[in-house]
Amino acid sequence: KFAFQESLGPEGVTCLINNAGVAPKATRYNLVKVEQMEATLKTNLIAPLFLSKAFLPLLKKNPSLIFNLSSSLG
């Protein structure tokens, strides 16, 4: 349960915006390290997925939207 859930009331959440955008330190594919790509994928892909999953009970109360945004870094 989220700490702020009581303040939402019965409406829940109608819009979740996931905004991630990190890039590995090396931008050339032949220089990037596995650890850098793992950290990048955790931030840009895995974290938004699991955040959305965690919010599903609050989003299902009404017609809702999930926006996944990135930047040029992501």
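Look a little higher up for the structure.
Residues numbered from 1 in each chain as written. Predicted model: local features only at pLDDT ≥ 70, side-chain atom pairs only at ≥ 80, totals over all residues. Heavy atoms only, no water.

Student: For this particular structure, what's the right way to read the overall build of the protein?
Tutor: Along the protein, the regular secondary structure elements total 2 helices and 2 strands. Counting helices and strands in the order they occur from the N terminus, the protein gives α-β-α-β. Going through the 74 residues of the protein one by one, you find that 18% of them count as buried. In the protein, once contacts between residues fewer than 6 apart in sequence are set aside, the share between residues at least 24 apart is 74%. (Helix = DSSP H or I, 4+ residues; strand = E, 2+ residues; numbered from the N terminus. Buried < 20%, exposed > 50% of the residue type's maximum accessible area, 1.4 Å probe, protein only. Contact = heavy atoms within 4.5 Å.)

Student: Please explain a nonpolar patch on the surface as it appears in this structure.
Tutor: On the surface, M37, L41, L45, I46, L49 and F50 cluster together to form a nonpolar patch covering roughly 550 Å² of accessible area. Position of L45 among the secondary structure elements: in helix α2 (residues 34-59). (Patch = residues over 30% accessible without salt bridge, like charges linked within 9 Å, V, L, I, M, F, W, Y side chains within 5 Å. Areas by Shrake-Rupley, 256 points an atom, 1.4 Å probe, with all protein chains shown as cover. Salt bridge = Lys/Arg side-chain N within 4 Å of Asp/Glu carboxyl O.)

Student: Mind showing me how you'd approach the environment of K61 here?
Tutor: Relative to the elements of secondary structure, K61 occurs in the loop between α2 and β2 (65-69). Taking relative accessible area as the criterion, K61 reaches 42% and is therefore assigned partly exposed. The spacing of K61 and V13 is 48 residues in sequence and 7.6 Å in space, taken between C-alpha atoms.

Student: In this structure, what is going on with the nonpolar core? I would like to understand it.
Tutor: Side chains of a nonpolar character, in soluble globular proteins, are inclined to be buried together. If you look at the biggest cluster of nonpolar residues, it comprises 5 residues: V13, L16, F55, L58 and L59. Considering every element that reaches this core, the biggest residue donor is α2, with 3 residues. (Core = buried A, V, L, I, M, F, W, Y, C linked by side-chain atoms within 4.5 Å.)

Student: Mind showing me how you'd approach the side chain of N18 here?
Tutor: Residue position: N18 is located in strand β1 (residues 15-19). Given the relative accessible area of 5%, N18 is considered buried. Of note is the side chain of N18, whose polar atom sits 2.9 Å from the side chain of S52. Residues contacting N18, with those up to four places away along its chain left out, are P48, L51, S52, I66, F67, N68 and L69. (Polar contact = N/O pair within 3.5 Å; in protein donor to acceptor, adjacent residues only side chain to side chain.)

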